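Spelled out from the first residue to the last, the chains are:
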Amino acid sequence: MRTLNCDVVVVGAGPAGSMTAKWAALGGADVIMIEKRPEIGSPIRCGEGISRSWLERVGVEVDPKWLARSVKGAKIVSPSGEHYVTLDESKAGNEVGFVVDRVFFDKALARDAAEAGAKIMLKTAATSLIMEDGKIVGVNAVSHGEPLEIRAGCVVGADGFESQVGRWAGIDTSLKTTDIITCYQYRLTNIDYDPDFTEFRLGSVAPGGYAWIFPKDENTANVGLGVSLTKLKKPGEVKEYLDRWIASDSRFKNAQPLEAVAGAVSVCPPLDSVTMDNLLLVGDAARMIDPITGGGIANGCYAGMYAGKVLAKAVKSNDFSQQVLQEYEDDWRDKLENTLWRDWMAKEKLISLPDETLDKLTEAVSKVTLERITVGTLLAAVRETYPELVKEFEDLI
Amino acid sequence: MNGGRPKETNILKVIDMKVSAERCHHCGACVGSCPQNAIFMNDFVLEFGDACNRCKRCIRLCPAGAISEEG
């Protein structure tokens, strides 16, 4: 069997994997990143809406190749449609959002990893961990149909929502029914809408989740929704929710689909540990998706950067023990853990609220002056108006 | 530790869960949500492993309504 040797093998070439590969390679690590699909970034499994502020902090330059649209603001609409919280550019400074093209965004990040010196292998799927004397020493893979052994000092599981690497290693990434959102989305064209605002719609249009419109161009947007698994009664129901919303909203009267996207996101509390001797997890594989927004790219990129930097250090001492990787564990927790807990608790609360309460809540928050729309500022506004809703986690707000 | 990934020999005895290739979007929602880690996607083919305990979470969860019980 063919064998390759490297310092770090990254399983999965999404944003978190590419960031890990890039920062590890920049620090001198010999990195191989494998991707089971024949194309990085495709097929898309994402709403593609991101906030802008974090890109610079993880060293990602805005590139017109992947920037589909820069929106002027965000609008959060109550279940009845009568109340909404809106925030536009004039108030928001630079804190407004981007809608990206993941097909190009993921490739741009992988290109950065390649420029830093990482090697990329497509159509290469990890099939199991290689264990020797109880120690993880790499992954077995199938590359273009041929078996391949990739031996490495550290295995990085960046294999997304359906992560196998963590499970093979014995890290419990299993999800409770209440912590899974099932999603369906169309890229709809020929729609008549405001292409300058992202829209989030609450309530029974998407029970336990929300419905979204993320503008791609003047008459095309990603239109989708996510429903809590606890609210789904029959197969394929999430698509029925979406089709029903689209049929009921006059903006979509003449709409036609260009693409259909299915998927699930985790909305769980942070895991107890994502590191062990010779292995770590990043991004969706490490269940780092924000439980309120369902967004995973920013958190995955932060984690990837932290992991890559720590791996670069580990290479120098040739020590990939958990003790060394703990620095990564500390870094991502320092940045993300409180927010993940806060947003998980907020999600648990919001999921229990009927449409009438969400309407009142939206109305109340709409009267509060916000400087930015983030989960943090919105929850602070809720605390001002409905303090009892957030009293269990107000210290995290 | 692999949740009963099917070996060549036992793929055929796999059970009473059925995947509609016509409906499946290959999104991996079922793979990541399976409490038993008993679902695998290999080159766009979904397989159920021995570890499946028929909890049927995947049937409700599949956004495309592609999973059902056989029979």
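Residues numbered from 1 in each chain as written. Chains lettered and ligands numbered in written order. Predicted model: local features only at pLDDT ≥ 70, side-chain atom pairs only at ≥ 80, totals over all residues. Heavy atoms only, no water.

**Q** Looking at this structure, how should I read the overall build of chain A?
**A** Broken down by element type, chain A carries 9 helices and 18 strands. The C-alpha atoms of chain A give a radius of gyration of 21 Å, which matches the 21 Å a tight globule of 397 residues would have. Structurally, chain A occupies a C-alpha span of about 65 × 45 × 45 Å along its principal axes. When burial is assessed residue by residue, chain A has 58% of its 397 residues classed as buried. Put simply, of all contacts in chain A between residues at least 6 apart along the chain, 71% involve residues at least 24 apart. Surface exposure of chain A reaches about 16,000 Å², of which carbon and sulfur atoms provide 49%. (Helix = DSSP H or I, 4+ residues; strand = E, 2+ residues; numbered from the N terminus. Rg over C-alpha atoms; globule rule 2.2 N^0.38 Å. Buried < 20%, exposed > 50% of the residue type's maximum accessible area, 1.4 Å probe, protein only. Contact = heavy atoms within 4.5 Å. Areas by Shrake-Rupley, 256 points an atom, 1.4 Å probe, with all protein chains shown as cover.)

**Q** Help me understand the overall build of chain B in this model?
**A** Looking only at helices and strands, one finds 2 helices and 4 strands in chain B. Each helix and strand of chain B, ordered N terminal to C terminal, gives the series β-α-β-β-α-β. Here chain B holds 71 residues, and the buried ones make up 49% of them. Carbon and sulfur atoms form 51% of the exposed surface of chain B, whose accessible area is close to 3,700 Å².

**Q** How should the domain arrangement of chain A be read in this particular structure?
**A** Where the parts come together, the accessible area they lose is often given as the size of the interface. All names here are of chain A. Once the domains are mapped, chain A shows domain 1 (2–46 + 103–175 + 270–346), domain 2 (49–101 + 177–266) and domain 3 (352–396). The straight-line distance from the C-alpha centre of domain 1 to that of domain 2 is 27 Å. Contact with domain 1, which involves 26 residues of that partner, is made by 25 residues of domain 2. The interface formed by domain 1 and domain 2 holds 1 salt bridge in total. Here Asp 63 makes a salt bridge to Arg 111, at a shortest N to O gap of 3.7 Å. (Domains from an automatic or database assignment. Salt bridge = Lys/Arg side-chain N within 4 Å of Asp/Glu carboxyl O.)

**Q** Explanation requested: the pattern of salt bridges in the structure shown.
**A** Pairs can form between side chains of opposite charge whenever their charged atoms are close. All names here are of chain A. Scanning the model with the defined rule gives 30 salt bridges over all chains in all. One salt bridge in this structure joins Glu 199 and Arg 251, with 2.8 Å as the shortest N-O distance. With Glu 199 in strand E13 (residues 197–201) and Arg 251 in the loop between helix H5 (237–248) and strand E16 (256–266), this pair connects stretches of sequence that are 52 residues apart. Judged by its relative accessible area of 7%, Glu 199 is buried. Among the ionic pairs, Glu 348 bridges to Lys 347, the shortest N-O distance being 2.8 Å. Classification of Glu 348 by relative accessible area gives partly exposed; the value is 30%. Each of the salt bridges in this network shares a partner with another, and the network as a whole consists of Glu 48, Asp 101, Arg 187, Lys 216 and Glu 259.

**Q** Hey, could you run me through helix H3 (residues 102–115) of chain A in this one?
**A** Three- or four-residue spacings in an α-helix give side chains the same orientation, since the helix completes a turn every 3.6 residues. Residue and element names in this part refer to chain A. Compared with an ideal rise of 1.5 Å per residue, which puts 14 residues at 20 Å, H3 spans 19 Å between its outermost C-alpha atoms and is within 8% of the ideal. Looking only at H3, the buried set comprises Arg 102, Val 103, Phe 105, Asp 106, Ala 108, Leu 109, Ala 110, Asp 112 and Ala 113. Buried residues in H3 make contact with helix H1 (15–26), strand E2 (31–34), strand E7 (97–100), strand E8 (119–121) and helix H6 (297–317). Positive backbone phi, at 115°, marks Gly 117, one or two positions downstream of H3. (Expected span 1.5 Å × (residues − 1).)

**Q** Can you help me understand the sheet that holds E7(A) in this one?
**A** In a beta sheet, neighbouring strands pair by backbone hydrogen bonds and run either parallel or antiparallel. Residue and element names in this part refer to chain A. Taken together, 3 strands build an open sheet; the order of strands is E3-E7-E4 and the sheet is antiparallel. Each edge of the open sheet is held by one strand with a lone partner, namely strand E3 (49–51) and strand E4 (67–70). Averaged over all pairs of adjacent strands, the angle between their axes in this sheet comes to 35°, without regard to strand direction. Where E3 and E7 come together, 3 bridges link them in antiparallel fashion. (Pairing = 2+ DSSP bridges. Axes fitted to C-alpha atoms, helices over the stretch in contact; angles between N-to-C directions.)

**Q** Just to check I follow, could you spell out the sheet that holds strand E5 (residues 73–77) of chain A for this structure?
**A** Residues and elements named next belong to chain A. With respect to topology, 7 strands assemble into an open sheet ordered E6-E5-E13-E14-E15-E12-E16, the strand pairing being mixed. Of all strands in the sheet, those with a lone pairing partner are strand E6 (84–88) and E16, marking the two edges. Averaged over all neighbouring strand pairs, the angle between strand axes comes to 15°, with direction disregarded. Helix-sheet contacts for helix H8 (residues 355–366) involve E5 and E6, and the interaxial angle to E6 is about 35°.

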